[in-house]
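So the chains spell out like this:
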Amino acid sequence: GIILCYLKQDIKVVLGSQLSLSTLLDGFNIENNGLVFFTNSNYVVSSNVEKYNEIKIKDCEFINKIKEDESQKDFVRIRVDNKNYYALSNRVKNYFIYVIYPSNKIFITRSLIFSYSTVVYVILVTLSILFNIKLNQIKRKQQEEIDKKYKDELNDLANKAIKANSLKSDFLRRMSHDIRTPITTIKGLIEIGNHYENDLSMQNEIREKVDKSAGYLLDLVNDVLDMSKLEGEIEYFRNEQFTLSELLNDVYEITKSQASEEGITLSINKGKIIHNNLIGSKLHLQRVFINIINNAIKYNKKNGNITISYDEIESNGTSATFVFKCQDTGIGMSDDFQEKMFEPFAQENPKETKYGTGLGLAIVKRIVDKMYGTIEVESKLNVGTTFTLTIPFLIYNENNT
């Protein structure tokens, strides 16, 4: 484009100086590709081309061509010396200003602008295409990850289903064996009793054995029912007020006779307890302690020891966290068995029927999990085992029932 500047000067600066277009533009970095004429009614007062200064208007072909244009527009197209120009005329007080610019210069600028625009457009289109390609690659990768995750989930579900079927089959096999054994024993004892129906001593012995077998069978059925409830989340954990020390004393009284029969010393050590009155599932907590202690009795050595200890480790005014430990001097467990000890029917010595159903620890683990607690085990073969339970409870008070 063309920029024409008017320089306003103070009269004192103008007086005594000779002003012209060339002096006004002196010092500015401009391109004189066009023509500029300042005229009055008869003469060219000034021009940026020296030869046109102070000539008569009638002798200036450019100005005459502009005046001859019949459109009477300020912006016209003229032709001088077989060249096309674009001209702009304007009146300022007693003067006319004519600005003339070669059309080829205009079109060159337009061509450059078009070229630059084309290059920019091509760059933008290319960037857009590259962006879309990259975006599609990202989407495709994300879709592949989603598909892979979906396939992995399907495979995981399939594996779980296969494992569940396997566990179900194994469960039924174990149940069939464990149920058949005491029933077979009871039937055999009945036949013996029928044979010695007049032998009172034999009848008493048979009744005792039948009672033990029936008790084992009842324990098995109860354990299976408990596992079913815990697995299916049917088991109802009733929160009620209980006294921790009384609960542990009850557990001690229940298990000490069995320990004495096996020649095992059972003791309870009470640690630092600040909150003794708590809220929780008393029945399930009692079940956890009895199962663990019964295991410690079953797997202990002759004249062995079992020590129960408990401490309150932290509280916040609303709840308190306790650590319970059961340490025995029993036969211990191998490292391999410790990895699967909480699985249903897991037994390190399954042929030893006196060790029960193999559901006790599985029930303990599920109850502790539902109480938002943790259970840890340290065991060494022929040395002993220590169970550590960390369980939180609500603190009982008059406003918290």
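These numbers were taken from a predicted model, which means no experiment stands behind them. (Residues numbered from 1 in each chain as written. Predicted model: local features only at pLDDT ≥ 70, side-chain atom pairs only at ≥ 80, totals over all residues. Heavy atoms only, no water.)

Visitor: Help me understand the overall build of the protein chain, please; the structure alone is not making it clear to me.
Guide: When you go through the protein chain residue by residue, the secondary structure sums to 9 helices and 12 strands. By the burial criterion, 32% of the 401 residues in the protein chain qualify as buried. Considering only intrachain contacts with a sequence separation of at least 6, the fraction spanning at least 24 residues in the protein chain is 61%. Here the protein chain has roughly 27,300 Å² of accessible surface; of this, 52% comes from carbon and sulfur atoms. (Helix = DSSP H or I, 4+ residues; strand = E, 2+ residues; numbered from the N terminus. Buried < 20%, exposed > 50% of the residue type's maximum accessible area, 1.4 Å probe, protein only. Contact = heavy atoms within 4.5 Å. Areas by Shrake-Rupley, 256 points an atom, 1.4 Å probe, with all protein chains shown as cover.)

Visitor: Explain the nonpolar core here, please?
Guide: Soluble globular proteins tend to pack their nonpolar side chains together in the buried interior. Membership of the largest hydrophobic core comes to 43 residues, with the highest contact counts inside it found for Leu244, Leu285, Phe324 and Leu389. Put simply, the parts of the chain that give this core at least two residues each are helix 6 (244-261), helix 7 (282-298), strand 9 (305-315), strand 10 (319-328), helix 9 (360-370) and strand 12 (384-395). The residues contacting Leu285, other than those within four sequence positions of it, are Phe242, Leu244, Leu247, Met371, Ile391 and Phe393. (Core = buried A, V, L, I, M, F, W, Y, C linked by side-chain atoms within 4.5 Å.)

Visitor: Sorry if this is basic, but what is going on with the pattern of salt bridges here?
Guide: Oppositely charged side chains can form a pair if their charged atoms are brought close together. Under the criterion given, the structure shown has 4 salt bridges. A salt bridge links Lys209 to Glu205; the shortest N-O distance between them is 3.2 Å. Taken together, the residues Lys209 and Glu205, both in helix 5 (residues 200-231) and 4 residues apart, mark about one turn of the helix. Note on Glu205: relative accessible area 36%, which makes it partly exposed. (Salt bridge = Lys/Arg side-chain N within 4 Å of Asp/Glu carboxyl O.)

Visitor: Could you clarify how one ought to interpret the sheet that holds strand 4 (residues 83-92) in this entry?
Guide: Across a sheet, paired strands are connected by hydrogen bonds in the backbone, their directions being either parallel or antiparallel. The strand order 2-1-5-4-3 describes an open sheet built from 5 strands, whose pairing is antiparallel. The open sheet is flanked by strand 2 (44-47) and strand 3 (75-80), the only strands paired with a single partner. Across this sheet, the average inter-strand angle for adjacent strands is 25°, counted without regard to direction. Sitting on the sheet, helix 3 (residues 61-68) touches strand 1 (35-39), strand 2, strand 3, strand 4 and strand 5 (95-102), and the angle it makes with strand 3 is about 130°. (Pairing = 2+ DSSP bridges. Axes fitted to C-alpha atoms, helices over the stretch in contact; angles between N-to-C directions.)

Visitor: Explanation requested: helix 3 in the structure shown.
Guide: Each α-helix turn comprises 3.6 residues. Residues three or four places apart therefore point the same way. All of the buried residues in helix 3 are Phe62, Ile63 and Ile66. Within helix 3, the buried residues cover an arc of 95° as seen down the axis, which keeps them to one side. Elements in contact with the buried residues of helix 3: strand 1, strand 2, strand 3, strand 4 and strand 5. (Arc of directions from axis to C-beta.)

Visitor: Hey, could you run me through the packing of aromatic side chains in this one?
Guide: For any pair of aromatic rings, the description rests on two quantities: the centre-to-centre distance and the angle between the ring planes. Within the structure shown, the criterion is met by 10 aromatic pairs. With centroids separated by 5.2 Å and ring planes inclined at 90°, the aromatic side chains of Phe62 and Tyr85 adopt a geometry described as edge-to-face. Note that Phe62 is positioned in helix 3 and Tyr85 in strand 4, a separation of 23 residues in sequence. Exposure remark for Tyr85: the relative accessible area of 12% places this residue in the buried category. Three or more aromatic residues link up through ring pairs in this structure, and these residues are Phe242, Phe289, Tyr310, Phe322, Phe324 and Phe393. (Phe/Tyr/Trp six-rings, centres within 6.5 Å; stacked < 30°, edge-to-face > 60°.)

Visitor: Help me understand the pairing of strand 3, please; the structure alone is not making it clear to me.
Guide: Along any regular strand, the residues point their side chains to alternate faces of the sheet. Alternating residues of strand 3 divide into Val76, Ile78 and Val80, all buried, and Phe75, Arg77 and Arg79, none buried. As defined by bridge partners, strand 3 adjoins strand 4 across 6 bridges and the pair is classed as antiparallel. Bridge pairing links Val76 to Ala87 in strand 4. In sequence, strand 3 turns back onto strand 4 through a hairpin of 2 residues, with Asp81 there showing a positive phi of about 55°.

Visitor: Could you clarify how one ought to interpret unusual backbone geometry in this entry?
Guide: Where the residue is not glycine, phi is negative for most of them; where a peptide bond is considered, it is trans in most cases. Notably, Glu54 is not glycine yet its phi reads approximately 65°, a positive angle. Note that Glu54 resides in the loop between strand 2 and helix 3. Positive phi is not limited to glycine here, since Tyr372 has a value of about 60°. Mapped onto the secondary structure, Tyr372 falls in the loop between helix 9 and strand 11 (374-380). Its relative accessible area of 73% is what places Tyr372 among the exposed residues.

Visitor: What should I look at first to understand the side chain of Thr385 in this one?
Guide: Relative to the helices and strands, Thr385 resides in strand 12. Side-chain polar atoms of Thr385 contact the side chain of Ser379, separated by 2.7 Å. When residues no more than four places from it in sequence are discounted, the contact partners of Thr385 are Cys326, Gln327, Asp328, Gly332, Met333, Val377, Glu378 and Ser379. (Polar contact = N/O pair within 3.5 Å; in protein donor to acceptor, adjacent residues only side chain to side chain.)

Visitor: So what exactly am I meant to see when it comes to the side chain of Asp328 here?
Guide: Within the element layout of this structure, Asp328 appears in strand 10. Nearest to the buried, unbridged Asp328 among oppositely charged side chains is Lys301, at 8.6 Å. Looking at Asp328, its side chain comes within polar contact range of the main-chain nitrogen of Gly330, at 2.8 Å. Excluding its chain neighbours within four sequence positions, the residues that come into contact with Asp328 are Ala296, Asn300, Asn305, Ile306, Val383, Gly384 and Thr385. (Lys, Arg positive; Asp, Glu negative; His and termini not counted.)

Visitor: Got a minute to help me understand the packing of helix 6 against helix 7 in this structure?
Guide: Relative placement of two packed helices is described by the angle separating their axes and the distance separating the axes. One can describe the packing of helix 6 onto helix 7 by two numbers: an axis separation of 10 Å at closest approach and a directional angle of 35°. As helix 6 packs across helix 7, the resulting crossing turns out to be right-handed. When helix 6 is examined against helix 7, the residues Leu244, Leu247, Leu248, Asp250, Val251, Ile254, Thr255, Gln258 and Ala259 are found in contact with a partner set consisting of Lys282, Leu285, Gln286, Phe289, Ile290, Ile293, Asn294 and Ile297. Looking at the contact of helix 6 with helix 7 residue by residue, the classes come out as 11 nonpolar, 4 polar and 2 charged. (Left-handed = near helix turned anticlockwise from the far one by under 90°. Nonpolar A, V, L, I, M, F, W, Y, C, P; charged D, E, K, R; others polar.)

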